[in-house]
Amino acid sequence: MASPPPLHLAVALDGAGWHPAAWREPRARPGELLSGRYWVDVISEAERGLLDFVTIEDGLSLQSARPGEPDLRRDQVRGRLDATLIAARVAPVTSAIGLVPTVIVTHTEPFHVSKAIASLDYASGGRAGVRVRVSAARHEAAHFGRRDFPALSLADRARSRAAGLVADLFDEAADYVEVVRRLWDSWQDDAEIRDVGTGRFVDVGRLHYIDFSGRWFSVKGPSITPRPPQGQPVVAALAHGSVASRLTARSADVGFVTPRDAQDVAGIVAEIRSEQRAAGRAGELVHIFGDLVVFLASDRVTAGRRKARLDALAGAAYVSDAAIFTGAAGELADLLLDWQQAGLTGFRLRPGAIPDDLEAITRLLVPELQHRGAFRRGYESPTLRGLLGLPRPASRYAVA
Amino acid sequence: MSRPPKQVHLAAHFPGVNNTTVWSDPKAGSQIEFSSFAHLAGTAERAKFDFLFLAEGLRLREQNGRIYDLDVVGRPDTFTVLAALAAVTEHLGLAGTINSTFNEPYEVARQFASLDHLSGGRAAWNVVTSWDAFTGENFRRGGFLPQDQRYQRARAFLHATWQLFDSWRGDEIAADKESGLFLADPRAGTFQYRDAHFDIAGQFDVPRSPQGRPVIFQAGDSDEGREFAASAADAIFSRHGTLTAGQAFYADVKGRLGRHGRTPDQLLILPAATFVLADTDSDAAELAHQVRLQQVSGATAIAFLEQLWNRDLSGYDPDGPIPDVDPVAGEHTIARGRASVRMYRDPVATAREWRAKAEAENLSIRELIIAVTGRQSFIGSPASIAQEINELVQADAADGFILVPHITPGGLDDFADKVVPLLQERGVFRTEYEGSTLRDHLGLAPLTRAGLPRRAAS
């Protein structure tokens, strides 16, 4: 029997790990979460495991257990650094792993973000991506003072009053990604000519105004930053439900989905593939990665004990939007291959606690997958697009 | 008894997107690859410089309605490169220009606070203002800011970020695994700022960084700009590097500090300076002329002339005489995205001076532009340049210099190897970093939790 296509594997990094009590684990470093050294150590460990990329969570307010509003809790990690700058800090001291910071598109400037990610691509030699997120939170809007959103409870979000706002935010996000991408293309790869004879540094015919005009913003261009090494750094988004999946289908290279089981995988993947066709992208490779929170060890009992200990410290069983896996690396490998069969191209694992669950991924799960012929034994490409099997696109403005 | 000599402050400016930067030289490398930034930062740190500086411009320059192609074009994102440089340096301050018009305080504050954390206290911010609709075309709000409100907005922006930086005292994170207390004060980061420009409130999400606030630079030269610097900046990036002009500027700005309850040691004056270094003074003079020829091609000379004349002069011969027509008065339209055109406050009078000089000295357009624009600040042997820098600092024409090499990225190497040791021998420049933060390098007292400089004896 032919071996399955290789899996793609990423980890999602957030503070001390995804479990709210992760910072209290014996090996956690809760006092160092704001230091460069912590992030270098964690991402270097992911790179030792040959993972495709890391994502770095971010938001424009203090972390909160209550969606959309502050919670004033004292018992969980609060305070964080800008994810793009964490990625930049790590870029020169890593060499192969992709770096995908989260950017909130609702309150930021596509022009700034486009050049920031392009610059991350330069600093990392072609390993940059960006995970885009919207913010409907009223308190985050108040930090900027330029827009006023209604207060939305979780229950409201499902109702039509909120649905209009959320749909608008995702439409804005699609415009945002369009602008970011056009700016990356606004310099053709060969725009810089350094022609001493004529004294021209660039060929202005190879620099392009993007002239984007939309409902939320207009951007003239070109970028101030030349086309990044990958041409188009990788764009990722969480594809939670129909509105969000449409953004992935229209605009992203990688979507993160949260299925509960293999059957759920099939349904979610079918919906995104259908949206992808509707968006005219049927021929393009769009990755669909399954998100899983993992509490992982060499055996099921050890993993279960750690999860139970963390839940006890937190005072409640951990719940997540993603499925939670607690067990041994071999069992997780079975599950991943099963869900891959159902249509996923990769996984983004959210380590319950750092470093334990991260090391279990890199030192137990990865060898297990390698043993089954399902994961790389060495980095095969210096760029993130290369690792994901995405070709380097020509600039849309390049004249054939 | 004479006072001990002042210590010289030195910084490295990454070569910019104007004609100072000679891209046509065979030694010229990339203006965008990270290795170029790492090279210059490495040289600056080896030489124990205070900081590296990155400029910014948010729209490609245009002249005569097209993108200006004679100078280096293309720059990275300031924050991203500075954060990456934090990985390859240990002591060097990391300073960058960030615009206060096309950004919002919450985001800029979290970026600078993050950079300060990630670099262990080495962040600095050159606060600039712009108002032009030309740059605004790249941003959500467009050209929203009237010119006469730009300093008002910059001041408000800075005060808003200060409130954000100071919203964490620095002792709120307990991270006590035993008791389970992570955040001692769940209201840490609370802020509210409201004025004509901003109405923001909430909780800032980046805890207090090592320096508390980034070091603040200001570069404006107008009366309003100087007053803004005197009220709020830790250092001025000035353009007055000669003895007479430097002393006048130095005295003027330091004289303004008292009105803001500040003392002269709380604001450093750091002019930008270029240099041409060779083994002997005469070799350096010859080399300086060659560099000027590289910097001012015939096409560049015409472009400079157009910036003053404010009209298309592409039909003129750069090796021929100065145009006998006068500049077009009124709003500047020929060159866009370029702050320097505003320096010509009376273009007609300046044009007359240039014409008179060209006629008296029999200069072509190119020769004139070489003569009247951008001569290098320091030209000479290592000993001459070291002496000149030290004299200017001791004479209170400056507190130090921000050096702008004309070659990317190796243009500072010789200065580091040959001039810096001579300053160190004179005892006016550090031989090792004594502190860990940029404030330490600049001799600025650490900030109190309220954002005030801490005084030794009080």
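All figures in this text were calculated on a predicted structure; none of them were measured in a lab.

**Concerning the overall build of chain A**
Thought 1: Scanning chain A from N- to C-terminus turns up 12 helices and 13 strands.
Thought 2: Against the 2.2 N^0.38 benchmark of 21 Å for 400 residues, chain A shows a C-alpha radius of gyration of 21 Å, consistent with a compact globule.
Thought 3: When the backbone C-alpha atoms are referred to their principal axes, chain A occupies close to 70 × 50 × 45 Å.
Thought 4: Once local pairs closer than 6 in sequence are excluded, the contacts in chain A between residues at least 24 apart make up 76%.
Thought 5: Carbon together with sulfur atoms contributes 52% to the accessible area of chain A, which is approximately 14,000 Å² in total.
Thought 6: Across chain A, the mean location of the 49 positive side-chain charges is 2 Å away from that of the 48 negative side-chain charges.

**Quick notes on the interface of chain A and chain B**
By a frequent convention, interface size equals the accessible area lost on bringing the separate parts together.
Thought 1: Across the contact, 80 residues belong to chain A and 77 residues belong to chain B.
Thought 2: Across the chain A-chain B interface, the total number found is 7 salt bridges.
Thought 3: Put simply, Arg140 of chain B and Glu172 of chain A hold a salt bridge, and the shortest N to O gap is 2.8 Å.
Thought 4: Our enumeration of links across chain A and chain B arrives at 39 residue pairs in polar contact (both at pLDDT 80 or more).
Thought 5: Elements with a minimum of two residues in the side of chain A that touches chain B: α2 (83–90), α3 (110–124), α4 (138–144), α6 (160–185), β5 (192–195), β6 (200–202) and β8 (218–219) of chain A.
Thought 6: Looking at the side of chain A that touches chain B, the element that brings in the most residues is α3 of chain A, giving 9 residues.

**Focus on the packing of helix α7 (residues 241–251) of chain A against helix α8 (residues 262–278) of chain A**
Residue and element names in this part refer to chain A.
Thought 1: Two elements in contact, α7 and α8, have axes whose closest approach is 8 Å; the angle formed by their N-to-C orientations is 50°. It follows that α7 is oblique to α8 by the angle criterion. Crossing geometry of α7 relative to α8 is assigned as right-handed. Between α7 and α8, the residues in contact are Ser242, Ser245, Arg246 and Ala249 and Glu271, Ile272, Glu275 and Gln276, respectively.
Thought 2: The residue inventory of the contact of α7 with α8, partitioned by class, reads 2 nonpolar, 3 polar and 3 charged.

**Some details on the sheet that holds strand β12 (residues 235–238) of chain B**
Residues and elements named next belong to chain B.
Thought 1: With parallel pairing, 8 strands are arranged side by side around a closed barrel as β1-β2-β5-β6-β11-β12-β13-β17. Strand after strand, the sheet turns through a mean of 30° between neighbouring axes, direction not considered.
Thought 2: As paired elements, strand β13 (residues 268–273) and strand β17 (residues 400–403) share 2 bridges and run parallel to each other. Bridge pairing in β17 links Ala273 to Leu403.
Thought 3: Packed onto the sheet, helix α5 (residues 150–165) meets β6 (123–128) and β11 (215–218) and runs at close to 155° relative to β6.

**What to know about the pairing of strand β13 (residues 346–351) of chain A**
Where a strand is regular, its side chains alternate between the two sheet faces.
Residues and elements named next belong to chain A.
Thought 1: Of all 6 residues making up β13, 6 are buried, and the element is well covered by its neighbours.
Thought 2: Going residue by residue along β13, you find Gly346, Arg348 and Arg350 tucked away on one face and Phe347, Leu349 and Pro351 tucked away on the opposite face as well.
Thought 3: Across 4 bridges, the pairing between strand β1 (residues 8–13) and β13 is parallel. What sits directly across from Leu9, in β13, is Phe347.
Thought 4: Relative to β13, strand β11 (residues 287–297) runs parallel, the two being bridged by 6 bridges. Bridging across to β13, Val293 finds its partner in Arg350.

**Looking at the pairing of strand β5 (residues 93–99) of chain B**
Residue and element names in this part refer to chain B.
Thought 1: The buried fraction of β5 is high, at 7 of 7 residues.
Thought 2: Neither face of β5 is left uncovered, since the one carrying Gly93, Ala95, Thr97 and Asn99 and the one carrying Leu94, Gly96 and Ile98 both have all their residues buried.
Thought 3: A crossover connection joins β5 to the parallel β6 through helix α3 (residues 105–118); in handedness this β-α-β unit is right-handed.

**Quick look at helix α10 (residues 329–341) of chain A**
All names here are of chain A.
Thought 1: Relative to the 18 Å expected for 13 residues at 1.5 Å per residue, α10 spans 18 Å between its end C-alpha atoms, a close match to the ideal helical length.
Thought 2: For α10, the full list of buried residues reads Ala329, Leu332, Ala333, Leu336, Leu337, Trp339 and Gln340. On an axial view of α10, the arc spanned by its buried residues comes to 165°, and they lie on one face.
Thought 3: The secondary structure elements touched by the buried residues of α10 are β1, α8, β11, β12 (323–328), β13 and α11 (356–371).
Thought 4: Phi for Gly343, located one or two positions after α10, is positive at around 135°.

**Here's the deal with the nonpolar core**
Thought 1: Within the largest apolar cluster, 213 residues are counted, with the highest numbers of intra-cluster contacts made by Leu349 and Leu365 of chain A together with Phe49 and Phe415 of chain B.
Thought 2: Residue contributions to this core peak at 11 residues, all from α6 of chain A.
Thought 3: Among all residues touching Phe415 of chain B, those that are not within four sequence positions of it are Leu10, Phe49, Phe275, Leu277, Ile385, Ile389, Leu403 and Val420 of chain B.
Thought 4: Counting residues in hydrophobic clusters, the runner-up holds 18 residues, among them Leu305, Tyr344, Leu363 and Leu368 of chain B.

**Quick notes on a negative patch on the surface**
Thought 1: A contiguous patch of negative charge, built from Asp279, Asp283, Glu286 and Asp414 of chain B, is present on the exposed surface.
Thought 2: With respect to the secondary-structure elements, Asp414 of chain B resides in helix α13 (residues 413–425).

**Section: the domain arrangement of chain B**
Residue and element names in this part refer to chain B.
Thought 1: Domain boundaries in chain B define domain 1 (9–279 + 378–442) and domain 2 (297–372).
Thought 2: Once you take the C-alpha centre of each, domain 1 and domain 2 turn out to be 31 Å apart.
Thought 3: Across the boundary between the two partners, domain 1 contributes 12 residues, which contact 14 residues of domain 2.
Thought 4: For the pair domain 1 and domain 2, the summed buried surface comes to about 1,300 Å²; carbon and sulfur atoms form 44% of the total.
Thought 5: Ranking the residues of domain 1 by area buried against domain 2 places Arg61, Gln63 and Asn64 at the top, with a combined share of 37%.
Thought 6: Put simply, Glu62 and Arg336 hold a salt bridge, and the shortest N to O gap is 4.0 Å.
Thought 7: Viewed at the interface, domain 2 and domain 1 are joined by 7 residue pairs in polar contact (both at pLDDT 80 or more).

**Points about the side chain of Gln307 of chain B**
Thought 1: Relative to the assigned elements, Gln307 of chain B resides in helix α9 (residues 298–309).
Thought 2: Within the local environment of Gln307 of chain B, its side chain forms a polar contact with the side chain of Gln63 of chain B, the two groups lying 3.1 Å apart.

**With respect to the pattern of salt bridges**
Thought 1: Counted under the stated rule, the structure contains 76 salt bridges over all chains.
Thought 2: The salt bridge partner of Glu32 of chain A is Arg29 of chain A, with a shortest N-O separation of 2.7 Å.
Thought 3: Residue classification places Glu32 of chain A among the partly exposed residues on the basis of a relative accessible area of 22%.
Thought 4: With a relative accessible area of 24%, Arg29 of chain A lands in the partly exposed category.
Thought 5: Through salt bridges with shared partners, a single network forms among Asp221, Asp223, Arg226, Glu227, Arg239, Asp252, Arg256 and Arg259 of chain B.

**A short note on unusual backbone geometry**
Thought 1: The step from Gly221 of chain A to Pro222 of chain A runs through a cis peptide bond, and the omega angle for that step is -10°.
Thought 2: Position of Pro222 of chain A among the secondary structure elements: in the loop between β8 and β9 (234–238).
Thought 3: For the bond from Ile354 of chain A to Pro355 of chain A, the omega torsion is 10°, close enough to zero to count as cis.
Thought 4: Although it is not a glycine, Asn310 of chain B sits at a positive phi angle of roughly 60°.
Thought 5: Looking at the element boundaries, Asn310 of chain B is found in the loop between α9 and β15 (335–336).
Thought 6: Here Asn310 of chain B falls in the buried class, since its relative accessible area comes to 5%.
Thought 7: One non-glycine residue, Asn362 of chain B, lies in the positive phi region at around 55°.
Thought 8: Relative to the helices and strands, Asn362 of chain B resides in the loop between α10 (347–361) and α11 (365–372).

Rules used throughout
- Residues numbered from 1 in each chain as written.
- Chains lettered and ligands numbered in written order.
- Predicted model: local features only at pLDDT ≥ 70, side-chain atom pairs only at ≥ 80, totals over all residues.
- Heavy atoms only, no water.
- Helix = DSSP H or I, 4+ residues; strand = E, 2+ residues; numbered from the N terminus.
- Rg over C-alpha atoms; globule rule 2.2 N^0.38 Å.
- Contact = heavy atoms within 4.5 Å.
- Areas by Shrake-Rupley, 256 points an atom, 1.4 Å probe, with all protein chains shown as cover.
- Lys, Arg positive; Asp, Glu negative; His and termini not counted.
- Charge placed at Lys NZ, Arg CZ, Asp CG, Glu CD.
- Salt bridge = Lys/Arg side-chain N within 4 Å of Asp/Glu carboxyl O.
- Polar contact = N/O pair within 3.5 Å; in protein donor to acceptor, adjacent residues only side chain to side chain.
- Axes fitted to C-alpha atoms, helices over the stretch in contact; angles between N-to-C directions.
- Parallel < 35°, antiparallel > 145°, perpendicular 65-115°, else oblique.
- Left-handed = near helix turned anticlockwise from the far one by under 90°.
- Nonpolar A, V, L, I, M, F, W, Y, C, P; charged D, E, K, R; others polar.
- Pairing = 2+ DSSP bridges.
- Buried < 20%, exposed > 50% of the residue type's maximum accessible area, 1.4 Å probe, protein only.
- Right-handed = clockwise from strand over helix to strand, strands pointing away.
- Expected span 1.5 Å × (residues − 1).
- Arc of directions from axis to C-beta.
- Core = buried A, V, L, I, M, F, W, Y, C linked by side-chain atoms within 4.5 Å.
- Patch = residues over 30% accessible without salt bridge, like charges linked within 9 Å, V, L, I, M, F, W, Y side chains within 5 Å.
- Domains from an automatic or database assignment.
- Buried area = accessible area lost by both parts, 1.4 Å probe.

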